[in-house]
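Structure at a glance
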Amino acid sequence: MSRPYAEVIGDPIAQSKSPAIHNFWLEKLGIDADYRAHRVAPAELQEYVAARRSDPDWRGCNVTMPHKQAILPHLDRIDDIARRIGAVNTVYRDGETLVGGNTDARGFLEPLRETLAGRDYFRMARILGAGGAARAIVAALADAGFTLVVAARDPAKADLLLAELAPQGEHHAAPLAHFAGPTDFAFDDREGCCDLVVNATPLGMRGQPALPFDWSHAPPGSIAYDIVTDPVETVFLADARAAGFQTIDGVSMLVGQATAAFERFFGQPAPREYDAELRERLVA
């Protein structure tokens, strides 16, 4: 007998934690369905979408590198947030229509919800990286009232990103190398301020070198946020903690963005009351 299923697609895909998250929730809710990881090479993307479109058991997919932008022309409709970000991370059915959405911005902000619930005199985020992952983060933080510094190997790319996604405000682009060495910059009083330092690069991921960032560039009281999920404890976060900063790891964003996708796929809210147990599984 056939079973409903959803999946995550990308290339490579074996490292994805999404199946562990969605299948944990399916198990807790007693839903007879499955969530899989499926490798789709770039040349296979159009054929993949066509095949799944005609499969009545397929409920949709999450989309990761390198397909988040390439999949757009193969879908029937793109929702507003995905269109603004210019990338899709969730494909779901609306009747016979395939809709592209993006839950990365919502997922990124979720672990910051309590922090951002208050009113701050000033909010500033240093976002390290200007690739696909940074797009949702820039859009989310601009909407949350942050002044942004986007650092990239090519600052012109960071400038373009800001012009496209955060045209309002006094934002800045910088070379990534600027943050690699120590600084003796004297930060002003940060009372009433909210400061973030976000690693939106793949640096620090298993098999990649660590991100060179000297924590003297972070204002006192900053929150260090790394979106890398493998390993969960990166050099970036370990160094931040050693320097006395609060940290948020990539699992927090991953679970946040999966929450919205799960309800689209399986028609029930994710059972978030089991978050502690889920995290134990994901970091084991």
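Here is a short report on the structure shown in this document. Keep in mind it's a predicted model, so treat the numbers as computed, not measured.

Strand order in the open sheet made by the six strands is S2-S1-S3-S5-S6-S4, with mixed pairing throughout. In this open sheet, the two strands that pair with only one neighbour each are strand S2 (34–39) and strand S4 (77–78). Examined bridge by bridge, strand S3 (residues 58–63) and strand S5 (residues 90–94) share three bridges and lie antiparallel to one another. Bridge pairing in S5 links Gly 60 to Tyr 92.

Further remarks concern the layout of surface pockets. Taken as a whole, the largest pocket encloses approximately 1300 Å³ of empty space. Every element with two or more residues in the lining of the largest pocket is listed here: S3, helix H6 (132–143) and helix H9 (250–266). For the lining of the largest pocket, the per-class residue count stands at 19 nonpolar, 16 polar and nine charged. Quantified by volume, the second largest pocket comes out at close to 310 Å³. Together, 14 residues line the second largest pocket, and Arg 126, His 178, Phe 185, Phe 187 and His 217 are the ones closest to its centre. If one sorts the elements of the lining of the second largest pocket by residue count, strand S7 (residues 122–128) sits on top with three residues. Of the residues assigned to the lining of the second largest pocket, the class counts are seven nonpolar, four polar and three charged.

Next up on the list: helix H7 (residues 155–165). Residues of H7 that are buried: Ala 158, Leu 161, Leu 162 and Leu 165. Seen end-on, H7 carries its buried residues on one side only, within an arc spanning 95°. Away from its buried face by more than 90 degrees, H7 exposes Leu 160 and Ala 163. Where the residues of H7 are buried, they touch helix H3 (80–85), H6, strand S8 (147–152) and strand S9 (172–175).

Let's shift gears to unusual backbone geometry. With an omega of 10°, the peptide bond between Asp 11 and Pro 12 qualifies as cis. Within the fold, Pro 12 resides in the loop between strand S1 (5–10) and helix H1 (18–29). Here the residue pair Asp 230 and Pro 231 is connected by a cis peptide bond, since its omega of 5° sits within 30 degrees of zero. Secondary-structure assignment places Pro 231 in the loop between strand S11 (223–226) and helix H8 (235–242).

Turning next to the pairing of S11. On S11, burial covers both faces: Ile 223 and Tyr 225 on one face and Ala 224 and Asp 226 on the other are all buried. Both strand S10 (residues 193–199) and S11 contribute to a ladder of four bridges, which runs parallel. Counterpart to Leu 196 in the pairing with S11 is Ile 223. Pairing geometry for S11 and strand S12 (residues 246–248), over three bridges, is parallel. Directly across from Ile 223, in S12, lies its bridge partner Gln 246.

Attention now moves to the side chain of Arg 126. If you trace the backbone, Arg 126 turns up in strand S7. A residue is classified by how much of its surface remains accessible, and Arg 126, at 10% relative accessible area, is buried. Setting aside residues no more than four positions away along its own chain, Arg 126 makes contact with Val 149, Phe 179, Phe 187, Asp 195, Leu 196, Val 197, Val 198, His 217 and Pro 219.

Glancing now at the nonpolar core. The biggest cluster of nonpolar side chains holds 29 residues, and the ones touching the most others in it are Phe 108, Ile 127, Val 138, Leu 141, Phe 146 and Leu 148. Only S7, H6, S8, H7, S10 and S11 provide two or more residues apiece to this core. For Leu 141, the contacting residues outside a window of four places in its chain are Phe 108, Leu 109, Ala 125, Ile 127, Phe 146, Leu 148 and Leu 196. Formed by 23 residues, the second largest nonpolar core is a distinct cluster that contains Val 255, Ala 261, Phe 262 and Phe 265.

Here is what the cut-offs are and how they apply
- Residues numbered from 1 in each chain as written.
- Predicted model: local features only at pLDDT ≥ 70, side-chain atom pairs only at ≥ 80, totals over all residues.
- Heavy atoms only, no water.
- Pairing = 2+ DSSP bridges.
- Helix = DSSP H or I, 4+ residues; strand = E, 2+ residues; numbered from the N terminus.
- 1 Å grid on protein atoms, 1.4 Å probe; cavity = no way out; pocket = protein on both sides within 12 Å on 5 of 7 lines; lining within 4 Å.
- Points joined across faces, edges and corners; volume = space filled by probe spheres on them.
- Nonpolar A, V, L, I, M, F, W, Y, C, P; charged D, E, K, R; others polar.
- Buried < 20%, exposed > 50% of the residue type's maximum accessible area, 1.4 Å probe, protein only.
- Arc of directions from axis to C-beta.
- Contact = heavy atoms within 4.5 Å.
- Core = buried A, V, L, I, M, F, W, Y, C linked by side-chain atoms within 4.5 Å.

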